[in-house]
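Chain residues, written in single-letter form:
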Amino acid sequence: MDDWMSRQIQLAAAQLLLHIGLILNCAAHAHEMKPLLTCASSTPSFPPSTPPLHHNNSIKTNHILTFNTKYLKPSTNAPKFHTVAQQSLLCFNLYLQLHVDAGNMQEARDLFDRTPQRTLISWTILLSGYAKHGPVYETLMLFVNMLCYGLVCPDAFVYAVVLRACVEVKDLSFGCGIHAHVLKRGGGVFDGFVDNALLNMYASCGNLDNAVVVFERIGSPDLVGWSSMLSGYVKNGFEEDGLRIFLQMICCGVELDAFVFSLAIKGCANLEHLEFGKQIHCHMIKLGFGRCLFLGNSLMDFYAKCGNSKGMRQVFSGMCEKDLVSWNILIMGYVHNSLYLEALKVFKLLIEEVSDCDDFTITSSLKAITNLGNLDLGREVHGYIIRVGLESNHYVVCSLLDMYIECVNHETLNHRARVPLRLYNYFEGRKFDEYFIASMLKWCSLRSDLETGEMFHSLILKLDLNSDSYVMSSLIDMYSKCGISEAALRVFLRVKDPEIATWSALISGFCLNGWYAVALELFRKMQFDFIEANEFTFTSVLLACLALEDLQKGRELHCKILRSGFGSNVSVVNTLINLYSELWHHKQALKLCSLVSDSEISWKLLSKACMKAKDYEMVHELLGRIQQCYGFIDQYSACDILNSCANPVLLNVGTQAQAYMTKRGLISHPTIGNCLIDMYSGCGKITDADLAFNSMPEKNSLSWASIISARVNHGHPFEALYTFKDMQWKNNLMVPSTFKSALKACALTGMTDEAYRLFMSMEEVYGIEPSEEHCSCMVEALGRAGMFEDAQEFIKGMPQVKLGALI
């Protein structure tokens, strides 16, 4: 440590002497120089007593040193130094330091190679220059040459510089070699610089075991040591261990800084640990870090990733200072939490108040518009992009392209559907990357535009993108969605070492075109090639098993999914639920519900499976779980639940279901209203059925048929006929079941003439051919009125098919 301090004092003194010498030199030659005197970047010539060391000749710099009476700084044109024959070592180090400070590493290396004497200070200056200005790997090579030179020994500062260079190039093996060299030299080399540098090197390179060993060897680690350990845990995915280190820092009384707080907040964000993050937020405010802009942005990102949009907005509103990063985090946070309208409101406010944005702002806003499917708003943002001059930004154009692809109706032939192709033509002649090509292939697949897709296939070959898995999977997907599975297979076979994305695209494409058995065979071959499946692959092959109704294969895949670690993936679990539900194993499907959260369960599939198995008790249990987790159910699931309650014993459950559906706004749907009428009718509550019918804001033909049938079945034939007349008067569309109920009402009231008139009007007026049930009702009406001869004549006049049904 003392050697390092003395070396720094020597450097400072040398710089001061050089300043004085340069001033005197400028005064002596004032008549020969311009008012602004400059110093050349060339170096004094020293007799090369030692051969030059290896260095990188590719570095070329035009920096030179400009001098005035106040300071030294880089310049462009300057005469060379007039050097004397003999230069002291102090001046040599000074010249070397000036070249390094100006970033002239090539000139500094040339000067270093020509010097007859190289002290530790000389080596340190050049090593620090490479570590700062690059190329960083030259620091490691120079350190090796220093050891081979043999006349000087590295000190703690040199070791720290080289270890920092190992972090930059991620060379763990070289760092371990330096550690071994330090240990070999003995404990006298170790100091705070070396310890912290070793700790940072191991933590940054992901070798946390050795980092822990170094950390534990330090008696009293300072803030840098603690921060390095915390950073290593957080950046390598061990956030829980990192947060434990953070708590130890607090317990040990370490004075925390903004960097430590940002790492702790990042760890909470990655774990989505909202409560612990809130406690850290409170501790920050208590220690006076509440006004820090950097930490404010970190806190906003934390709340956004934890799904707490309200907390994110509160942090933003409470910030005394906001930069563009703050606005961008707020917009992206809303997008991350699916609050797309709020994101666009903030974007509008940013333009109005700050009048400044970057490509990140635009891409986030376009993502919100894409999810909303609002093409008109997207076109407005497109106009803004052109006005601010971002239309040539690659990231903006790719996001704009995705917006048009997702929002345009590709089934139409209007001019908007051609916008992606116009964007491509606008960028024609420029360099296309894999993301742009993949987006265009997606556009071709959505439009089933094989001709344009083949054009992009030719472009892929021209740009030599055959090895890019993202592009090739998009190309396979395009051919599959255009219905040419053979072409997709040919593309796949030309891919060298296909990755999982390519396999998934091929298997999904074969399932899409109905080649389910081939898709399963491809999946088997993928396993033989030791390619690990992902959620998209498992979803595709499970759907293939469902289409083939192969429960055995589905169970085998289920075991494979559990072994692969996808047993709790939402998409895979819902597909498994669908498989078991459709193949009559609803109890197994219900067991899978415990693997995912209630809010992510497909309740429609479960209710449908339970209804198919007539397990009404399980349907009612599902209703209870849906109510507890505020789950979403559609009209079909609601109908299944109400139909399961059409029994007097289950009336109480039915009324609870009605209350829940009324609260969720589902009861106004005509289909659910019809099921509600049938439920009360099945429970013998005709008054409640009438109330449900009269409360419906919108009635369809099935609604009228349901209430007419309910009134007939509960002994109110006259009311049924009155309702039938009302239905005719309001010109509602007639259905066969309505006539069946009306004919039955005529039979119960003895109105044979009315029954005959209705029967004849079915085909003549409404175009409904009478069925066997209608004929049976007509015969019943004649028989109840004692008109047996007319009933016999009616039977004789019926077709043989319908007569057989009556017999």
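Rules behind the numbers
- Residues numbered from 1 in each chain as written.
- Predicted model: local features only at pLDDT ≥ 70, side-chain atom pairs only at ≥ 80, totals over all residues.
- Heavy atoms only, no water.
- Helix = DSSP H or I, 4+ residues; strand = E, 2+ residues; numbered from the N terminus.
- Buried < 20%, exposed > 50% of the residue type's maximum accessible area, 1.4 Å probe, protein only.
- Areas by Shrake-Rupley, 256 points an atom, 1.4 Å probe, with all protein chains shown as cover.
- Expected span 1.5 Å × (residues − 1).
- Contact = heavy atoms within 4.5 Å.
- Salt bridge = Lys/Arg side-chain N within 4 Å of Asp/Glu carboxyl O.
- Disulfide = S-S within 2.5 Å.
- UniProt positions renumbered as here; feature names shortened; annotations may be inferred.
- Axes fitted to C-alpha atoms, helices over the stretch in contact; angles between N-to-C directions.
- Parallel < 35°, antiparallel > 145°, perpendicular 65-115°, else oblique.
- Nonpolar A, V, L, I, M, F, W, Y, C, P; charged D, E, K, R; others polar.
- Patch = residues over 30% accessible without salt bridge, like charges linked within 9 Å, V, L, I, M, F, W, Y side chains within 5 Å.
- Lys, Arg positive; Asp, Glu negative; His and termini not counted.
- Charge placed at Lys NZ, Arg CZ, Asp CG, Glu CD.
- Left-handed = near helix turned anticlockwise from the far one by under 90°.
- Phe/Tyr/Trp six-rings, centres within 6.5 Å; stacked < 30°, edge-to-face > 60°.

Draft legend 1. Quick peek at the overall build of the chain. A count of helical and extended segments in the chain gives 44 helices and three strands. Of all 807 residues assigned to the chain, the portion counted as buried reaches 49%. When the accessible surface of the chain is totalled, it reaches about 40,600 Å², and 54% of it is carbon and sulfur.

Draft legend 2. How the structure looks around helix H27 (residues 516-528). For H27, which comprises 13 residues, the first-to-last C-alpha distance of 19 Å matches the rise-based estimate of 18 Å (1.5 Å per residue) to within 8%. Buried residues along H27 sit against helix H26 (500-512), helix H28 (535-548) and helix H29 (551-564).

Draft legend 3. Broad picture of the pattern of salt bridges. Taken as a whole and judged by the stated rule, the model has 16 salt bridges. Two residues, Arg-784 and Glu-780, come together in a salt bridge whose shortest N-O distance is 3.1 Å. Here Glu-780 and Arg-784 lie together in helix H42 (residues 772-784), a separation of four residues that amounts to about one turn. Where salt bridges share partners, they join Arg-109, Asp-113 and Glu-138 into one cluster.

Draft legend 4. Main features of the state of the cysteines. For the coordinates displayed, the defined rule picks out zero disulfides. Unpaired in this structure, Cys-777 has its nearest cysteine sulfur neighbour in Cys-775, at a distance of 9.3 Å. With a relative accessible area of 7%, Cys-777 lands in the buried category.

Draft legend 5. Spatial organisation of the UniProt feature "repeat: PPR" (unreviewed entry) in the chain. What UniProt calls "repeat: PPR" (unreviewed entry) maps, in this numbering, to residues 222-256 and 499-533. Along residues 222-256, the helical share is 74% and the strand share 0%, with 11 Å between the first and last C-alpha atoms.

Draft legend 6. Broad picture of the packing of helix H2 (residues 89-101) against helix H4 (residues 120-133). Running from amino to carboxyl end, H2 crosses H4 at an angle of 5°, the nearest separation of the two axes being 10 Å. Classified by the angle their axes make, H2 and H4 are roughly parallel. Residues Phe-92, Asn-93, Leu-96, Gln-97, Val-100 and Asp-101 of H2 form the contact with H4, whose participating residues are Ile-121, Ser-122, Ile-125, Gly-129 and His-133. Among the residues making up the contact of H2 with H4, the classes are represented as five nonpolar, five polar and one charged.

Draft legend 7. Up close: the side chain of Thr-723. Tracing the chain through its elements places Thr-723 in helix H39 (residues 717-729). Setting aside its immediate chain neighbours within four residues, Thr-723 contacts Trp-704, Ile-707, Ile-708 and Arg-711.

Draft legend 8. Region of the structure containing a negative patch on the surface. A grouping of Glu-763, Glu-764, Glu-769 and Glu-772 is seen on the molecular surface, where their side chains present a negatively charged patch. Take Glu-763: it is sitting in helix H41 (residues 752-764).

Draft legend 9. Just the packing of helix H18 (residues 359-372) against helix H19 (residues 375-388), in detail. Close contact between H18 and H19 brings their axes to 10 Å; oriented N to C, the two are set at 165°. Relative to H19, the element H18 lies roughly antiparallel. Crossing of H18 over H19 shows left-handed handedness. Of H19, the residues touching H18 (which contributes Ile-362, Leu-366 and Ile-369) are Leu-377, Gly-378, Val-381, Tyr-384 and Ile-385. For the contact of H18 with H19, the class distribution of residues is seven nonpolar, one polar and no charged.

Draft legend 10. Local environment of the side chain of Ser-504. Along the chain, Ser-504 falls in helix H26. The exposure class assigned to Ser-504 is buried, which follows from its relative accessible area of 9%. Not counting residues up to four positions away in its chain, the partners in contact with Ser-504 are Asn-534 and Thr-537.

Draft legend 11. Structural context of the environment of Val-495. Structurally, Val-495 can be placed in the loop between helix H25 (485-493) and H26. Placed 28 residues apart in sequence, Val-495 and Ser-467 show a C-alpha to C-alpha distance of 6.7 Å.

Draft legend 12. Structural detail: the packing of aromatic side chains. Counting across every chain of the model gives 16 aromatic pairs. Seen in terms of ring centroids, Phe-693 and Trp-704 are 5.1 Å apart; in terms of plane orientation they differ by 75°. Their pairing is edge-to-face. Residue Phe-693 is found in helix H37 (residues 686-694), and its partner Trp-704 is found in helix H38 (residues 701-713); the two are separated by 11 residues along the sequence. Residue Phe-693 shares its accessibility class with Trp-704, and that shared class is buried. Taken together, the aromatic side chains of Phe-246, Phe-261 and Phe-289 make up a single cluster linked through ring pairs.

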